[in-house]
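# Structural description and commentary
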Amino acid sequence: MTAEPTLGAPPRRPAVARGRAGRGTGYLRAVFVIWYRDVIRYRRDRMRLLASLAQPLLFLLVFGVGLSSSLGGGARLAAGAAHLSYIQFMYPGVVGMAVLFTAMFSAMSIVWDREFGFLKEVLVAPIERSAIAVGKALGGATQGMLQGLIMLVFAPVVGVRLSPLSVVELLPLMFLLAFTLTTLGVVVASRMRTIQGFQVVINFLVLPLFFLSGALFPLGRLPGWMGVLTRVDPVAYGIAPLRAAALGGLVPAHAHVGALTFFGWPMPAPVSALVLLGVGVTMLALAVRGFAIRD
Amino acid sequence: MGTPPPSRPPTGAARTHLSSAPAGTHASRGGAAGPRAHGDPAVVVRGLHKRYDTVEAVRGIDLQVHSGEIFGFLGPNGAGKSTTIQILCTLVRPTAGTARVAGLDVSRDPAGVRRRIGLVFQDPSLDEQLTARENLDFHAMLYGVARGQRRQRREQALALVDLSDRQDAMVRTFSGGMKRRLEIARGMLHAPEVLFLDEPTQGLDPQTRASIWAYLGELRAREGTTVFMTTHYLDEAEICDRLAIIDHGTIVAEGSPDQLKARVGGDVVTAATADDEVAAAELRDRLGVAVDRGDGHLQVTVADGAAFVPQLVGAVSVAVRSVAVRRPSLDDVFLQLTGRAIREEPPDPRAAWRARRGMGGGRR
């Protein structure tokens, strides 16, 4: 028989040492393992990886090229932003789009796990429920950031020159944007029982969040009601610093293009990022509550 | 559906394997104290109740499971088996009563209980996008198995269920039986004191079921794990050291399969006659025995079945077509205790297929 015991013969309970370090390391370990599984699955799912690049690229090509040609290279997108073509302007927004879509849909794995039973394996494990939400949020954040990173390959094609420093700045910003949107996805996912339901709700959220974020057009000269909507869209607080980092790296004059303004005051990129972080942490708290419910 | 044959030999050989297991198996099979030296019971339940809105699923259960035994919870669907096991696994809170698992109270220390138990669910709960090895490693990390022991535990667990050579294959390529075996391997990976299995062979083919029973026997023999399983299959109940029979949320009998059958008191004699109505009346009047009407036959329980056959033939005026004498089965026990047979649904291959695909009927 192949099943010869590798364990010594006497049938005695093997003492399996468990992480005997404190509660804190156990928590981090649980967060890590939830995160790690998401990353393995992301890496393995080449189709999804490519498919989720298709949409941002489509936007970049159709809107970018189309509008750039019809508006002409010198469209006045913002004061002092001459020599910035539309496609250059929208490029950071499309990077944000890749991050946004990947992050929000990454939470679908929770609904998927529920439907296929795997969530039970996680829920009965001796780990804190909040570790599940945190691990998922970091997993989605990682996926979103990687997807954004892939999009950076297209920068030279659209004429955006990225300095190494810009890339270093962009990475945490993409991670932060993805983190916030994943937590929003997790909040939805923790309440949804079916994949179809999740998709309906996310699709309902994702397009307005994207369109009002300033990814495709400057937010400076909008009618009042729309201006208000854009400023309550958390994604806007992620797109503005992304654009500042991507465009402002080599051309400082472009650093404030598309910054969010409040009564004429351009919000500095770090402040926007902090607002985004605040939204993310709040959403995470809601997501944790969604998981804490015990039948 | 290409269901690869189980890598184990079929029923007969698996049975042999079980009975040729190390001596420890037989020692604990006889009901002797399991390997847990201090002899504490693995599960103690007192006055357990669970009420859902209007339905009382569990109505005052008391039971005790000894360390190292294979304990079966037998009852028809909807009898309260799954609710009880979910309470013991801290997934559902009891309405009243107490339950201690591995020495810890399920209500006061659910996290502690979770660390000490393994759980194999009724429905599949593997990540099909990962390999068998990744599923096990994920579980080991979740349960905090020390890094240095993960590999050894994983290899032992995979060897026990004969999946060592498939550990790098994606779980989605596994047959239903292989998935179930992998779940058992996963359930024991962190060396739980008690392994709970909810309907472990539901929907599996007979060969695979027999091999799973063999694995459970080996698991107990090698690691001294207490096994607590629910079932509504009588043949599955037969492999248990001890059983509790549950019906309508209460335990109606408890004991080893042999003890329970002995309660029926003797042999079961079944007879088919030209007119069962008349024959039953005559048997009652002339021989003074209780007669149950079965499906197209009569059934009498007597101390000595062989000696009763000529009496039966003599007492009945209508033609007797056939008479059979057999030892009582657990179904007879259940029939006697509740007045009903456990309805045994034969495993439906389509349902099993759907369950494996995750398209169970209960979902939209």
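Keep in mind the model is a prediction, meaning the values are calculated, not measured.

Cut-off values and rules
- Residues numbered from 1 in each chain as written.
- Chains lettered and ligands numbered in written order.
- Predicted model: local features only at pLDDT ≥ 70, side-chain atom pairs only at ≥ 80, totals over all residues.
- Helix = DSSP H or I, 4+ residues; strand = E, 2+ residues; numbered from the N terminus.
- Buried ≥ 20, exposed ≤ 12 C-beta atoms within 10 Å, placed from the backbone.
- Contact = placed C-beta atoms within 7 Å.
- Axes fitted to C-alpha atoms, helices over the stretch in contact; angles between N-to-C directions.
- Left-handed = near helix turned anticlockwise from the far one by under 90°.
- Nonpolar A, V, L, I, M, F, W, Y, C, P; charged D, E, K, R; others polar.
- Pairing = 2+ DSSP bridges.
- Core = buried A, V, L, I, M, F, W, Y, C linked by C-beta atoms within 7 Å.
- Parallel < 35°, antiparallel > 145°, perpendicular 65-115°, else oblique.

## Some thoughts on the overall build of chain A
- On a plain count of helices and strands, chain A comes out with 11 helices and two strands.
- Counting from the amino terminus, helix and strand elements in chain A follow one another as α-α-α-α-α-α-α-α-α-α-β-β-α.
- Across the 295 residues that make up chain A, the buried fraction comes to 47%.
- A sequence separation of at least 24 residues applies to 81% of the contacts in chain A between residues at least 6 apart.

## A short note on the packing of helix α3 (residues 86-106) of chain A against helix α7 (residues 164-189) of chain A
All names here are of chain A.
- Relative orientation of the contacting elements α3 and α7 amounts to 35°, with a least axis distance of 7 Å. For the element pair α3 and α7, the recorded crossing hand is right-handed. Between α3, through Gly96, Val99, Leu100, Thr102, Ala103, Met104 and Ser106, and α7, the contact on the second element is made entirely by Met174, Leu177, Ala178, Leu181, Thr182, Leu184 and Gly185.
- Taken together, the residues of the contact of α3 with α7 sort by class into nine nonpolar, five polar and no charged.

## So, the sheet that holds strand β13 (residues 298-302) of chain B
Residues and elements named next belong to chain B.
- Pairing within the open sheet is antiparallel, and its four strands lie in the order β12-β13-β11-β14. Two strands close off the open sheet at either side, each with one partner strand: β12 (291-293) and β14 (320-326). In this sheet, adjacent strand axes meet at a mean angle of 25° when their direction is disregarded.
- As judged from the six bridges shared by strand β11 (residues 267-273) and β14, these two strands associate in the antiparallel manner. Bridge pairing in β14 links Val268 to Arg326.

## A few points about the nonpolar core
- Core analysis: the largest hydrophobic core is formed by 169 residues, its most contacted members being Leu100, Met104 and Ala178 of chain A together with Val101, Ala185 and Phe196 of chain B.
- Once residues lying within four places of it in the same chain are set aside, the contact partners of Phe196 of chain B are Ile85, Leu88, Cys89, Ile117, Gly118, Leu119, Val120 and Phe228 of chain B.

## Here we look at the packing of α3 of chain A against helix α6 (residues 129-151) of chain A
All names here are of chain A.
- Closest axis-to-axis distance for the α3/α6 pair is 8 Å, and the angle between their directions is 150°. Relative to α6, α3 is oriented roughly antiparallel. Helix-helix and strand crossings are classified by hand; for α3 and α6 the assignment is right-handed. On the side of α3, the interface is formed by Val94, Val95, Ala98, Val99, Thr102, Ala103 and Ser106, while α6 contributes Gly139, Gly140, Ala141, Gln143, Gly144, Gln147, Gly148 and Met151.

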